[in-house]
Amino acid sequence: MSAAWFVVRRLARDRSALVGLILIGALVLAALLAPVLATHPDDVFELHPAERLQPPSPAHWLGTDRMGADVYSRLLFGARITILIGVIAVGASLAVGVPVGLVAGYYHGWLSDLLMRASDIFLAVPQVVLAIAIAQTLGPSLPNVILALSATYWPWFARVVYAETRTLQKEVFVESTAALGASPWRLTALHVLPNIASPIIVRASIGMGFTILTAAALGFLGLGPPPPTPEWGRTIAESREFLPDAWWYAAAPGLAIFLTVMGFNLLGDGLRDVLDPRLRRARQAADG
Amino acid sequence: MRLLALALHRLAWFVPTLLGLLVLTFVISRVIPADPVALVAGETATPAQVEALRRQLGYDRPLPVQFADYLARLARGDMGTSIFTRRPIVEDLAHRLPATIELTVVAMVVSVLAGIPLGVVSALWRNSLLDHALRVVTVSGLAIASFWLGIMLQLLFAMRLGWTPLNGRLQGFPPEAITGFYLVDALLTGDGPAFGAALRHLALPAATLAFPALATLVRFTRAGVLDVMQSNFVLYERAMGLPRSVIVWKYVLRSALTSTVTQIGLLFGILLAGAVVTEAVFDWPGIGTYAVSSILQSDYNAVMGFTIWAGTIFIVVNLLVDVVHTLVDPRERTT
Amino acid sequence: MAELLAVRGLRVDFVGDGGVAQVLDGITLDVGPGEVVGLVGESGCGKTTLARAILGILPAGAARVRGGEVRFKGADLLREDPAVVNDRVRGRAITFIPQDPSTSFSPLFSVQTQIMDLMKWKSPRADAGGGRRPPFRRYPRQRYRADRAAVLDTLRAVQIPEPGRALGRLPHEFSGGQRQRLMIAMALLPQPDLIIADEPTTALDVTIQAQILRLLRALVKERGVSVLFTTHDLGTAHEICDRVVVMYAGQEMEAAPAEAFFARPAHPYTRRLLASVPGPAGELRDIPGEVPSLVAPPSGCRFHPRCDYATPECRAGRPALRTLAAGHGVRCHHPVDGPLGADA
């Protein structure tokens, strides 16, 4: 699709989006190659109490934590958790939110109202609180965190898709296609979906950043995967009692979170700048 | 009157939404956990004691009946009793509300007073050093984990430099309680030392809370100003040689602000959400810590009480935002 | 010649995605005192750019002035101190009437606020350059009252009913025609020497266009104010101009007193333009070809690809100004003699 190529070319010109892409790439690499890149790959499980709380050194690039484990290595493995949570949670939210938004947008009447009301309910309370409530009720574990995050993020996708679908409905080409007798499914697949792709993509990228932050907050409060899982938020919580001396213990995971989320935000912004009205024009030009 | 119609329309949405929220929370608190009564009874309770407690609390009745009963009590203003504090939840909330509000308001004032002018300046001196620096700030603002920012600030300012206290709302005696807001009360009673102490305690948590809000405001204002600068009326004013400062600070800002006003409503919502985590970091005795500890202790009545309160606040804030928007944009008024 | 405004050889480029567009290619143009000059041309010929270049409000990033002068009362506006130009020339000696009155007001402030803000800084009773720096300058109450009285008078002159009450209203409460009258009033209040009007009636209903034009002409003639206005409509030019200048693709082609312009046009393009107006039997006679790209414009006279009389000379270099009669100049190697209607 020439429209997709157009987008990629445009994006490549945006320096901050490229920075975002690099950061995300670094995250993915860290996660994939953690066993290789880590200096002490076994420190995820092994404890060396004798070496606890050592400052950064050639042996331990980011120092050691309260169990004597290498902070840098645990950070790399933490990247795996982060990506896992982010991708699955956002993916699940998308899988639920997009169909809900489509149905609510396409139909009018009580079904549409009900669906949108349901998403409003989830949005009425701060996402963090709801996620905490769900996670705590189910118990601290990785799947439960993902579930809690998906359950609280899907309304954002539903809203975006709902708004777009309604806007598109008013556009002439949808009306005329429907008048020609096209079935709702055909209409959706051929006309609606390609047009809602761009807001969904933008939302997904921004959502990744947001989800990762919320996941870290849950980890911080003790609701994330239990030890010895090297989740970044939990690591920060663990480090608190050893401040101000062992500052690297708290600084490193926080910085990791920061760079990761920044990467997704920059990419999301770049995508938004490129995708919005221009994708439509590009598509129209490509389709002739 | 248009405002009245708007208010009524909002209220019509409020009730079903709140109801839905209550059902959701009720389900989370009664249906999902293994046995809420056992949690209340404690670990040392015998099965017989647990059963007795269950009957006493009415948890043995069918769920819809329990829910109806809860709603009836709610209508009387009774949110139940907190398992942990053994006090009526309504009292607990009222007691903790001023702390959260004071923190949130201070954070919001700071972010508005700093954010809007910075946004304007950033737009005017586009691509200058200042603009780029601000862009770094705005992007970071939304990428930094609040709790981590709070901890880092504590590390630097409280632990290393000793400029501010580490946490808490106040050490020593609070000023005479009139409103419950320490800053206001201290001013009203002329209590200088208390004012200073309260301010110092507010500094770090408010800064932590304000940072993402500031980032958002700078962004929106910058975008708004850049957008408005393209308008025809700005072109006209430039053509007629009106001084640039008048064009920007009077005409452009007003136009850019009408859209920012709606953002302030959203901002308040974000701040309230952020308050939960920030309060946890700084041991701030507000509603946020109450919510978190209630959840962590499985004090479900308290959780529901908090949920009702939070939901109501959100809707009220949105209503106010709509009202203010109508007032600010005179085009709405005269139609 | 004591010309009020003398543009000489003005060249302006626009930098964009597609390349560098040479929007104005050495424009030369005069406006005399008390004279109404119409600048006629198709969309995209550069007339709006010229208007903005004279006012000095070209978009800073995209536009570049490559050369030439804009002499107003002897001084070159392009080379004077910008702060002085903004304070003394813009909004005082030279004022502006925009194309779209509905978006040229701020929708959030009353008409009174906007007009009085203009008067605060640009009233003829204000002393230029005195007082504190903007925006903190004060507005002395006495002058305010005098200015307000002048505003009410001028509103009456532009036939706004109940001027006192009108002032208190918001811009969107007026009709398009009324808003343009307000614009005319605002253009006259600083007692300028020259008004630059950019397609002032294009955005209005056809039925009131003539009305507004005649009002403008009457008012400026009364006060001895010059007007340079741009339009793509020959009818508009015919309605109120003393002189007409024709532009094509960034070059001025012909300038003549109105009578001579409409009766004995000399430039092939002008003749084509006048002929393309639908005749009494409704016949349309188009100009064959298309408006050229300004990124890679034709060399020499830019009309030569579409011109019936073109010769290699026309491609080689831009024709020099040829004076055919008093005030009638044309830039063409082959100006046509004789009244209109003789050719296709």
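About the cut-offs
Residues numbered from 1 in each chain as written. Chains lettered and ligands numbered in written order. Predicted model: local features only at pLDDT ≥ 70, side-chain atom pairs only at ≥ 80, totals over all residues. Helix = DSSP H or I, 4+ residues; strand = E, 2+ residues; numbered from the N terminus. Rg over C-alpha atoms; globule rule 2.2 N^0.38 Å. Buried ≥ 20, exposed ≤ 12 C-beta atoms within 10 Å, placed from the backbone. Contact = placed C-beta atoms within 7 Å. Domains from an automatic or database assignment. Nonpolar A, V, L, I, M, F, W, Y, C, P; charged D, E, K, R; others polar. Pairing = 2+ DSSP bridges. Axes fitted to C-alpha atoms, helices over the stretch in contact; angles between N-to-C directions. Parallel < 35°, antiparallel > 145°, perpendicular 65-115°, else oblique. Left-handed = near helix turned anticlockwise from the far one by under 90°. Core = buried A, V, L, I, M, F, W, Y, C linked by C-beta atoms within 7 Å. Expected span 1.5 Å × (residues − 1). Arc of directions from axis to C-beta. pLDDT = per-residue confidence, 0-100.

A.B. asks: Please clarify how the overall build of chain C should be interpreted in this entry.
C.D. replies: In terms of regular secondary structure, chain C is built from 11 helices and 12 strands. Since a compact globule built from 344 residues should have a radius of gyration of about 20 Å, the 21 Å found for chain C is in line with a globular shape. By principal-axis analysis of the C-alpha atoms, chain C measures approximately 65 × 45 × 40 Å. Taken across its 344 residues, chain C has 45% of its residues classed as buried.

A.B. asks: What is the right way to look at the overall build of chain A in this model?
C.D. replies: Scanning chain A for helices and strands turns up 11 helices and zero strands. Each helix and strand of chain A, ordered N terminal to C terminal, gives the series α-α-α-α-α-α-α-α-α-α-α. Per-residue burial for chain A yields a buried fraction of 48% across its 288 residues. Residue pairs in contact within chain A that sit at least 24 positions apart in sequence constitute 71% of those at least 6 positions apart.

A.B. asks: What am I meant to see in the environment of asparagine 127 of chain B here?
C.D. replies: All names here are of chain B. In this fold, asparagine 127 is placed in the loop between α5 (89-124) and α6 (129-141). For asparagine 127, a count of 10 C-beta atoms within 10 Å translates into the label exposed. In the structure, asparagine 127 is positioned 68 residues away from tyrosine 59 in sequence and 63 Å away in space, judged by C-alpha atoms.

A.B. asks: Explanation requested: the domain arrangement of chain C in the structure shown.
C.D. replies: Quoted interface sizes are often the accessible area lost when the parts come together. All names here are of chain C. Here chain C is described as being made up of domain 1 (5-241) and domain 2 (246-330). A separation of 28 Å is found between the C-alpha centroids of domain 1 and domain 2. Counting residues at the interface gives 22 residues for domain 1, matched by 16 residues for domain 2. Counting residues per element, the ones that place at least two in the side of domain 1 that touches domain 2 are β2 (19-31), β3 (36-40) and α8 (234-240). It is β2 that provides the largest number of residues to the side of domain 1 that touches domain 2, a total of 10 residues. Class assignment of the residues belonging to the side of domain 1 that touches domain 2 gives a composition of 11 nonpolar, eight polar and three charged.

A.B. asks: Please clarify how the sheet that holds strand β10 (residues 251-257) of chain C should be interpreted in this entry.
C.D. replies: For sheets, the rule is that strands pair by backbone hydrogen bonds, running either parallel or antiparallel. All names here are of chain C. An order of β6-β7-β8-β3-β9-β10-β12-β11 is seen for the eight strands of this open sheet, with the pairing classed as mixed. In this open sheet, the two edge strands, each paired with only one partner strand, are β6 (94-97) and β11 (322-325). Put simply, the sheet's adjacent strands are angled 20 degrees from each other on average, direction ignored. Helix α10 (residues 268-275) contacts β9 (243-248) and β10 of the sheet and is inclined by roughly 100 degrees relative to β9.

A.B. asks: Is there a simple way to explain the packing of helix α6 (residues 176-188) of chain C against helix α7 (residues 206-223) of chain C in this structure?
C.D. replies: Helix-helix packing is described using two parameters, namely the angle between the two axes and the distance between the axes. Residue and element names in this part refer to chain C. In contact at an axis separation of 11 Å, α6 and α7 are set at 15 degrees when each is read in the N-to-C sense. Our classification of the angle between α6 and α7 gives roughly parallel. Here α6 and α7 pass one another in a crossing that is right-handed. For the pair formed by α6 and α7, the contact residues are Gly177, Gln180, Ile184 and Leu188 on the first element and Ile208, Ile212, Leu215, Leu216, Leu219 and Arg223 on the second.

A.B. asks: So what exactly am I meant to see when it comes to the interface of chain A and chain B here?
C.D. replies: Each partner contributes residues to the interface: chain A has 35 residues there, and chain B has 35 residues. Residues that form the side of chain A that touches chain B fall into these classes: 26 nonpolar, six polar and three charged.

A.B. asks: Would you mind going over the nonpolar core with me for this structure?
C.D. replies: Side chains that are nonpolar tend, in soluble globular proteins, to be buried together. Within the largest apolar cluster, 255 residues are counted, with the highest numbers of intra-cluster contacts made by Ile132 and Ala217 of chain A together with Ile196 of chain C. In terms of domain composition, this core takes at least three residues from each of domain 1 (5-241) and domain 2 (246-330) of chain C. Among residues more than four places away in sequence, those in contact with isoleucine 132 of chain A are Leu218, Leu221 and Leu223 of chain A together with Val292 and Ile295 of chain B.

A.B. asks: Looking at this structure, I do not really get the interface of chain B and chain C. What am I missing?
C.D. replies: At the junction of the two partners, chain B supplies 21 residues and chain C supplies 26 residues. Of all the secondary structure elements, the ones that give two or more residues to the side of chain B that touches chain C are α10 (232-239), α11 (244-282) and α14 (330-334) of chain B. Split by residue class, the side of chain B that touches chain C holds 11 nonpolar, six polar and four charged.

A.B. asks: Would you explain α7 of chain C in this entry?
C.D. replies: Three or four residues apart is the spacing at which side chains of an α-helix point the same way, because the helix has 3.6 residues per turn. All names here are of chain C. The terminal C-alpha atoms of α7, which comprises 18 residues, lie 27 Å apart, in line with the 26 Å expected from a rise of 1.5 Å per residue. Listing the buried residues of α7 in full gives Gln209, Ile212, Leu213, Leu216 and Val220. Viewed end-on, α7 has its buried residues packed into an arc of 100 degrees, placing them on one side of the element. Turned more than 90 degrees away from the buried face of α7 sit Thr207, Arg214, Ala218 and Glu222, all of them exposed. Packed against the buried residues of α7 are β3, α6, β7 (194-198), β8 (226-231) and α8. Backbone geometry just after α7 places glycine 224 at a positive phi near 70 degrees.

A.B. asks: Explanation requested: the arrangement of the chains in the structure shown.
C.D. replies: Counting contacts across all two pairs of chains found in contact, the highest total belongs to chains A and B. When C-alpha atoms are compared, chain A and chain C, though not in contact, are closest at a spacing of 12 Å.

A.B. asks: How do you make sense of the sheet that holds strand β1 (residues 5-16) of chain C when you look at a structure like this?
C.D. replies: Residues and elements named next belong to chain C. Taking strand neighbours across the sheet as the criterion, the four strands line up as β2-β1-β4-β5 in an open arrangement whose pairing is antiparallel. On the outer flanks of this sheet lie β2 and β5 (75-76), each paired with one strand and no other. Of the pairings in the sheet, the one linking β1 to β2 comprises 10 bridges and is antiparallel in character. When the bridges of β2 are listed, alanine 6 appears paired with aspartate 30.

A.B. asks: Explain the confidence of the model for chain C here, please?
C.D. replies: Interpretation of the predicted coordinates at a detailed level should be avoided for regions scoring low in pLDDT. On average, chain C scores 88 in pLDDT, and the residues at 70 or more come to 94%. This complex was scored by the predictor with a pTM of 0.80 and an ipTM of 0.91.

A.B. asks: I tried to follow the pairing of β9 of chain C on my own but got confused; where do I start?
C.D. replies: All names here are of chain C. For β9, a buried count of six out of six residues is recorded, marking the element as mostly surrounded by other parts of the structure. Alternating residues of β9 divide into Arg243, Val245 and Met247 and Val244, Val246 and Tyr248, and every residue in both groups is buried. Sheet topology places β3 next to β9; four bridges connect them, and they run parallel. When the sheet's bridge partners are listed, glycine 38 is paired in β9 with valine 244. Here β9 runs beside β10; their pairing, made up of six bridges, is antiparallel. Residue valine 245 lies in a different strand from β10, and its bridge partner there is alanine 255. As consecutive antiparallel partners, β9 and β10 are separated by two residues, and within that stretch alanine 249 has a phi angle of approximately 45 degrees, a positive value.

A.B. asks: Which parts of the structure should I look at to understand the environment of leucine 271 of chain A?
C.D. replies: All names here are of chain A. Inspection of the secondary structure assignment puts leucine 271 in helix α11 (residues 247-287). The sequence separation of leucine 271 and leucine 37 amounts to 234 residues, and the corresponding C-alpha distance is 30 Å. Ignoring any residue separated from it by four or fewer positions in sequence, one finds leucine 271 in contact with Leu11, Ile201, Val202 and Ser205.

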